[in-house]
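The primary structure of each chain is shown beneath.
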Amino acid sequence: FVEGFTKNQLLGYFLLLWAATFFFSAISGFVWLTSSYAELADFIIDIPWNLAELGIAAVLGMLGLKILNEKE
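Residues numbered from 1 in each chain as written. Predicted model: local features only at pLDDT ≥ 70, side-chain atom pairs only at ≥ 80, totals over all residues. Heavy atoms only, no water.

1. Observations concerning the overall build of the chain
- On a plain count of helices and strands, the chain comes out with 2 helices and 0 strands.
- Burial status across the chain gives 21% buried among its 72 residues.
- Excluding contacts between residues fewer than 6 apart, the proportion of contacts in the chain whose partners are at least 24 apart in sequence is 70%.
- On the chain, roughly 5,600 Å² of surface is accessible, and the fraction owed to carbon and sulfur atoms is 71%. (Helix = DSSP H or I, 4+ residues; strand = E, 2+ residues; numbered from the N terminus. Buried < 20%, exposed > 50% of the residue type's maximum accessible area, 1.4 Å probe, protein only. Contact = heavy atoms within 4.5 Å. Areas by Shrake-Rupley, 256 points an atom, 1.4 Å probe, with all protein chains shown as cover.)

2. Overview of the side chain of Glu-53
- Tracing the sequence through the fold places Glu-53 in helix 2 (residues 40-69).
- Nearest to the buried, unbridged Glu-53 among oppositely charged side chains is Lys-66, at 25 Å.
- In this view, Glu-53 contacts Phe-22, Ser-25 and Ala-26; residues no more than four positions away in its chain are not counted. (Lys, Arg positive; Asp, Glu negative; His and termini not counted. Salt bridge = Lys/Arg side-chain N within 4 Å of Asp/Glu carboxyl O.)

3. Comments concerning helix 2
- Taking 1.5 Å of rise per residue, 30 residues should cover 44 Å, and helix 2 covers 44 Å from first to last C-alpha, within 8% of that figure.
- Every buried residue belonging to helix 2 is among Asn-50, Glu-53, Ala-57, Leu-60, Gly-61, Gly-64 and Ile-67, and all of these are buried.
- At its buried positions, helix 2 is contacted by helix 1 (7-35). (Expected span 1.5 Å × (residues − 1).)

4. Considering the environment of Glu-70
- Mapped onto the elements, Glu-70 comes out in the segment after helix 2.
- Residue classification places Glu-70 among the partly exposed positions, given a relative accessible area of 45%.
- A C-alpha to C-alpha distance of 9.4 Å links Glu-70 and Gln-9, two positions 61 residues apart in sequence.

5. Digging into the environment of Leu-65
- Of note, Leu-65 is situated in helix 2.
- Separated by 49 residues in the primary sequence, Leu-65 and Leu-16 place their C-alpha atoms 7.4 Å from one another.

6. What to know about a nonpolar patch on the surface
- Residues Leu-40, Phe-43, Ile-44, Ile-45, Ile-47 and Leu-51 make up a contiguous nonpolar surface patch of roughly 580 Å² in combined accessible area.
- As for its placement among the helices and strands, Phe-43 is situated in helix 2.
- Note on Phe-43: relative accessible area 32%, which makes it partly exposed. (Patch = residues over 30% accessible without salt bridge, like charges linked within 9 Å, V, L, I, M, F, W, Y side chains within 5 Å.)

In structure tokens, the structure reads:
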């Protein structure tokens, strides 16, 4: 099964999976903030943290898709 993949394809799928973990972590963080009675300090720290995770997910996802769409 693995022999059919090139190293670039494995890297692309790895980056997409890594992007998905950052994405779902950020969504989970936002849900936790909205469902709990967090202090103001939690909001001040966690909102930029979750937004950064969404940004990381976007960059990793675009990079993974670019690697997968390259013609060899």
